[in-house]
Amino acid sequence: MRRTARRALLGILALGTLVSCAEEPGTTGSDNGGGVGKVAFLMPDLASTRYERYDAPLFRKRMGALCQQCEVIYQNADSDAALQQQQANSAMAQGAKVIVLDPVDSDSASTIVQAAHSQGVKVIAYDRPVSNKPADFYISFDNEAIGESIGRSLVAHLEKTGAKGGLLQVNGSPTDAAAGLIKKGIHKAVDDSGFDVLAEYDTPDWSPEKAQQWVSGQIAQHSGHIVGVVAANDGTGGGAIAAFKGSEVEVPPVTGNDAELAAIQRIVSGDQYNTISKPIKTVAEAAAAAAHQLMKGQKPTADSTLFDTPSQLFEPTVVTRENLKEVVFGPDGVLEAEDVCTRVYADDCRRLGIR
């Protein structure tokens, strides 16, 4: 019932949004170069708040600035690969020329790419790659570097504090190829660190609740030996933290990724050790620019190749309490102090100089 209700809501939210703003620099008047039409922006889940809060609005805004007469069809699959296939088919039936796809399942998304290409529709893999069928372009962060960065940051902190014990490793969804890259990066950081991985878990659908359940079991099994948790994103990190609090055990340093509002608040309060600041505005705008180029028959510029796909990868930044003020609330930050420093976090914010 819950899933059915959500799908109904998503169907309502999925109506295409007509956007109109200034044109792309270098284009003229009515954009007669062919770069006019519909583009679908298909996101994977609601477990990560970033898609609704940042990615979709930022993509819409930039697409409108690039193309006065373009229409954006936005849908979120709520972790349902079959639903995402239906959404892609619906977008193509509505005449989408380009699909920007963040796949629920990196393997099964190859059927979306194949169907799109058979109809002359271009596909941009966004954030997560399509592993079995090359898309036309891939825009993301360097996910392996993300895993390595959060892992090395945690290891350095544990070494500095003289911690003795082992780690829990909470990975992302086993159906997400980007999660696999993050996992690979984490192993590069921790395997030779001197801190044994006591146990490791691939979290279905990136579910914070499932991460919490698994970590709760590990706390009971490895009581007194867990000195840190390498969690692949803020949702799973939050689940891990909730597990320690629910077990009435001191929370060890826990990593994250995505710089979600709740995670930043946990870092402010000291509950979470680090996260990754992703310039989502940069990536969303790059995806809009690439979509418009493909609509005009142009090839976006790649800086690498991943999964046999020309790719543009952006570098992430590790955020801890030490650099949080500069990174999160600086010129390129997406959060405001009043969003983070609510009554519960006001004193900690003041101690960190965040106003």
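Everything here concerns the structure above.
Residues numbered from 1 in each chain as written. Predicted model: local features only at pLDDT ≥ 70, side-chain atom pairs only at ≥ 80, totals over all residues. Heavy atoms only, no water.

With that settled, consider the packing of helix α5 (residues 143-161) against helix α6 (residues 177-190). In contact at an axis separation of 6 Å, α5 and α6 are set at 35° when each is read in the N-to-C sense. Of the two possible hands of crossing, α5 and α6 adopt the one that is right-handed. Of the residues in α6, those in contact with N143, E144, I146, G147, E148, I150, G151, R152 and V155 of α5 are A178, L181, I182, K184, G185, I186, K188, A189 and V190. Looking at side-chain class alone, the contact of α5 with α6 contains nine nonpolar, four polar and five charged residues. (Axes fitted to C-alpha atoms, helices over the stretch in contact; angles between N-to-C directions. Helix = DSSP H or I, 4+ residues; strand = E, 2+ residues; numbered from the N terminus. Left-handed = near helix turned anticlockwise from the far one by under 90°. Contact = heavy atoms within 4.5 Å. Nonpolar A, V, L, I, M, F, W, Y, C, P; charged D, E, K, R; others polar.)

What follows deals with the side chain of E260. Relative to the elements of secondary structure, E260 occurs in the loop between α8 (234-246) and α9 (261-269). Buried charge E260 goes without a salt bridge, the closest partner of opposite sign being R266 at 5.8 Å. Beyond its immediate chain neighbours, meaning those up to four positions away, E260 contacts S48, T49, R50 and D234. (Buried < 20%, exposed > 50% of the residue type's maximum accessible area, 1.4 Å probe, protein only. Lys, Arg positive; Asp, Glu negative; His and termini not counted. Salt bridge = Lys/Arg side-chain N within 4 Å of Asp/Glu carboxyl O.)

Below, the discussion takes up the state of the cysteines. Scanning the entire structure with this criterion turns up two disulfides. Disulfide pairing places C67 opposite C70 at an S-S distance of 2.0 Å. In this structure the cystine formed by C67 and C70 twists about its S-S bond by roughly 80°; its chirality is therefore right-handed. The same class applies to C67 as to C70, namely buried. Disulfide pairing places C341 opposite C349 at an S-S distance of 2.1 Å. Judged by the sign of its S-S torsion, about -90°, the cystine formed by C341 and C349 is left-handed. By relative accessible area, C349 is classed as buried at 1%. Take the cysteines of the protein chain that form disulfides and number them in order along the sequence; they join up as 1-2, 3-4. (Disulfide = S-S within 2.5 Å.)

Okay, the side chain of N143 next. Looking at the secondary structure, you find N143 in helix α5. Judged by relative accessible area, which is 3%, N143 ranks as buried. If sequence neighbours within four positions are ignored, N143 has contacts with D127, Y138, A178, L181 and I182.

For the rest of this paragraph, the subject is empty space enclosed by the protein. Under the counting rule described, the total for this entry stands at two cavities of 30 Å³ or more. For the largest cavity, the calculated volume is near 120 Å³. In terms of lining, the largest cavity is formed by 14 residues, of which the most central are Y51, D127, R128, W206 and K278. By residue class, the composition of the lining of the largest cavity is four nonpolar, four polar and six charged. Surrounding the second largest cavity, P44, D45, S79, V104, R128, S173, T175, D205 and W206 form its lining. Classifying every residue of the lining of the second largest cavity by side-chain character gives three nonpolar, three polar and three charged. (1 Å grid on protein atoms, 1.4 Å probe; cavity = no way out; pocket = protein on both sides within 12 Å on 5 of 7 lines; lining within 4 Å. Points joined across faces, edges and corners; volume = space filled by probe spheres on them.)

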